[in-house]
Amino acid sequence: MGGFGRYLAAALTARFASEGMGMGVVLLALERTGSAAHGAFVLTAWMAPHVLAAPLAGAAAARARRPRLFYAGALAGFTAAVAALAVLLGRAPVPVVLAVAVLGGSCGPVVTGGLSSLVAGLVPEGPRRDRAYGWDASTYNAASVLAPAAVGLAGAAVSAGPAMGVLAVSAALAAALAASLPYEDPHGRPREDAYEDHGAGPPPEEPRAGLGAGLATLWRVRELRAITSATTLAFVGVGALTTTSVLLARGLGRPGAGGVLMTAFAVGALAGSLTLGRMTSVAPGRLARWAMAGTGAALGAAAFTPSVALTAAAFAAAGVCDGPLLTATLRIRSEHAPGAVRAQVFTLGAGLKVTAASTGAALVGLAAAAPPWTLLLGIAVLQLAAAALHLLVSAHARVGGVPATGRSAASATAPAGRRTPGGP
């Protein structure tokens, strides 16, 4: 298996464990304590550290002298936390369980954006790399389909504890695969440990990006600012979608069909990432806008469908539209993030989206008494607003035909990434 093949295997197994945690934690809490709310608190503790840990994880990845140890170690910590929660949840004191969840959640940015930042060092620049990001995005969508189903089946067949054990094994496999990857620096040269292995001296050190360099880059580079602000807004709606689907199914007379709607959305997203997400001829910014606008339109239609079957079809269509969004986002980050801060940009972008999703989940909880169709319509409006926001922010990306984000806007320590001629 080549380097990129091993990367995809590592990404899929890591994200399988991450995507399964939501259902696994809630099922385990319900089984051992009789309270789903207990699981919700643990899950909140798991998700909360993402936005705070993201810049730290990105900076640590960029500064790591031995990135193999950093990535494998972070995934090993993630594995240990999943395994510990499988044992401790419902048995140990609540503060201990919450502390383990916070520590495990702090490794989350490595599982999401941190791993994706490695693609640039594994695949040459150009159409091949664009397609590689399509495959990388597919690992998220595949995990979102497979993990909840696997956890649910394992929980029903045996119990929630072994189901959590499956997630821990998957995370451990990801750590082992990460240790086997070939690592390069952000500019495509072998890392320092590779030089040591061959008895050669390392290349001269370049200035290291500071802790706030990634956040500064997200703000200064207009293309990054556009996609980050738009996807963060869109994910407020995505975070509310699961609860809304349950309420919507109940309102349609099928209380147990909320999972069917979310499965339809996830399967559609996987199909979209494997088809539309591989359209390298379309500028990633334009693809992102189409994805958000299409998702909003399909969810808006779903708000007025009279049956679960038609609603599921609309959810699947929304998923197909949403599928290319992550691919486009990854391409934009890779093209416009300077190498010295690429890992920070990837982890920060992922952390902001997770935080936005948790905010959306909290907001829909507060508005749960509203008619479900109005909640879904609100989510649809957020997707359309996100597409409009991206268009608005990126509209001034070129001044007189010249990119507005040059080296000085991107970084003081490294050149800005490639600009796509047909980009936004």
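Residues numbered from 1 in each chain as written. Predicted model: local features only at pLDDT ≥ 70, side-chain atom pairs only at ≥ 80, totals over all residues. Heavy atoms only, no water.

**Quick look at the overall build of the protein chain**
When you go through the protein chain residue by residue, the secondary structure sums to 18 helices and two strands. Out of the 424 residues in the protein chain, the part that is buried amounts to 52%. Considering only residue pairs separated by 6 or more positions, the protein chain has 82% of its internal contacts joining residues 24 or more positions apart. (Helix = DSSP H or I, 4+ residues; strand = E, 2+ residues; numbered from the N terminus. Buried < 20%, exposed > 50% of the residue type's maximum accessible area, 1.4 Å probe, protein only. Contact = heavy atoms within 4.5 Å.)

**Focus on the confidence of the model for the protein chain**
Looking at the protein chain, pLDDT values average 83 and 86% of them are 70 or higher. Predicted confidence in the protein chain is weakest over helix α18 (residues 407–410), with a mean pLDDT of 36, and strongest over helix α14 (residues 284–302), with 96. Contacts for the low-pLDDT stretch residues 186–207, under 50 throughout, to residues beyond four places or in other chains number 32 contacts. Within the model, pLDDT remains below 50 along residues 398–424, and this stretch shows 57 contacts once partners closer than five positions in the same chain are excluded. (pLDDT = per-residue confidence, 0-100.)

**Details of the nonpolar core**
Ranked by size, the top nonpolar core spans 59 residues in total, and within it Y7, M21, W46, F78, L85, M164 and L167 carry the most contacts. The element best represented in this core is helix α1 (residues 3–33), accounting for 11 residues. Not counting chain neighbours up to four residues away, the residues in contact with L85 comprise M21, L28, R32, V42, W46, V97, V100, A101 and M164. Formed by 24 residues, the second largest nonpolar core is a distinct cluster that contains L248, A298, L375 and L376. (Core = buried A, V, L, I, M, F, W, Y, C linked by side-chain atoms within 4.5 Å.)

**What to know about the packing of helix α3 (residues 50–63) against helix α6 (residues 108–116)**
The relative placement of two packed helices is expressed as an angle between their axes plus a distance between the axes. Packing of α3 against α6 brings their axes to within 9 Å, and their N-to-C directions diverge by 60°. Taken as axis vectors, α3 and α6 run oblique relative to one another. Handedness of the α3/α6 crossing: right-handed. Seen from α3, the contacting residues are H50, A53, A54 and A57; seen from α6, they are G108, P109 and V110. (Axes fitted to C-alpha atoms, helices over the stretch in contact; angles between N-to-C directions. Parallel < 35°, antiparallel > 145°, perpendicular 65-115°, else oblique. Left-handed = near helix turned anticlockwise from the far one by under 90°.)

**Looking at helix α9 (residues 160–179)**
Given a rise of 1.5 Å per residue, 20 residues ought to cover 28 Å, and the 29 Å separating the end C-alpha atoms of α9 matches this to within 8%. Every buried residue belonging to α9 is among A160, G161, A163, M164, L167, A168, S170, A171, A174, A175, L177 and A178, and all of these are buried. On the buried face of α9, the contacting elements are α1, α4 (67–88) and α8 (127–157). (Expected span 1.5 Å × (residues − 1).)

**Topic: the packing of α14 against helix α15 (residues 308–336)**
With their axes 8 Å apart at the nearest point, α14 and α15 run at an angle of 160° to one another. The angle between α14 and α15 places the two elements in the roughly antiparallel class. Both α14 and α15 take part in a crossing whose hand is left-handed. Grouping the constituent residues of the contact of α14 with α15 by class yields 17 nonpolar, four polar and three charged. (Nonpolar A, V, L, I, M, F, W, Y, C, P; charged D, E, K, R; others polar.)

**Description of the packing of aromatic side chains**
Tallied over the entire structure, the rule returns six aromatic pairs. When the ring of Y71 is compared with that of Y183, the centres are 5.8 Å apart and the planes differ by 20°; the resulting orientation is stacked. Pair noted here: Y71 is in helix α4 and Y183 is in the loop between α9 and α10 (192–197), with a separation of 112 residues, a long-range link. Each member of the pair, Y71 as well as Y183, carries the same accessibility label: buried. Grouping aromatic residues by their ring pairs yields a cluster made of F70, Y71 and Y183. Above the ring of Y140, the side-chain terminus of R15 is found at 3.8 Å from the ring centroid. One residue, R225, lies across the ring of W219, its end atom 4.7 Å from the ring centre. (Phe/Tyr/Trp six-rings, centres within 6.5 Å; stacked < 30°, edge-to-face > 60°. Lys NZ or Arg CZ within 6 Å of the ring centre and 35° of its normal.)

**A few points about the environment of V119**
By the element assignment, V119 lies in helix α7 (residues 119–122). Put simply, V119 and G3 are 116 residues apart on the chain and 9.9 Å apart in space, counted from C-alpha to C-alpha. Setting aside residues up to four positions removed in sequence, V119 forms contacts with F4, Y7, A132, Y133 and D136.

**Re the side chain of T311**
For T311, the location among the structural elements is in helix α15. Residue class for T311 comes out buried when judged on its relative accessible area of 0%. Here T305 takes part through its side chain, which lies 2.5 Å from a polar atom of the side chain of T311. (Polar contact = N/O pair within 3.5 Å; in protein donor to acceptor, adjacent residues only side chain to side chain.)

**Let's talk about the environment of G108**
For G108, the position within the fold is in helix α6. G108 sits in the buried class, given a relative accessible area of 5%. Residues G108 and H50, 58 residues apart in the sequence, show an inter-C-alpha distance of 6.3 Å.

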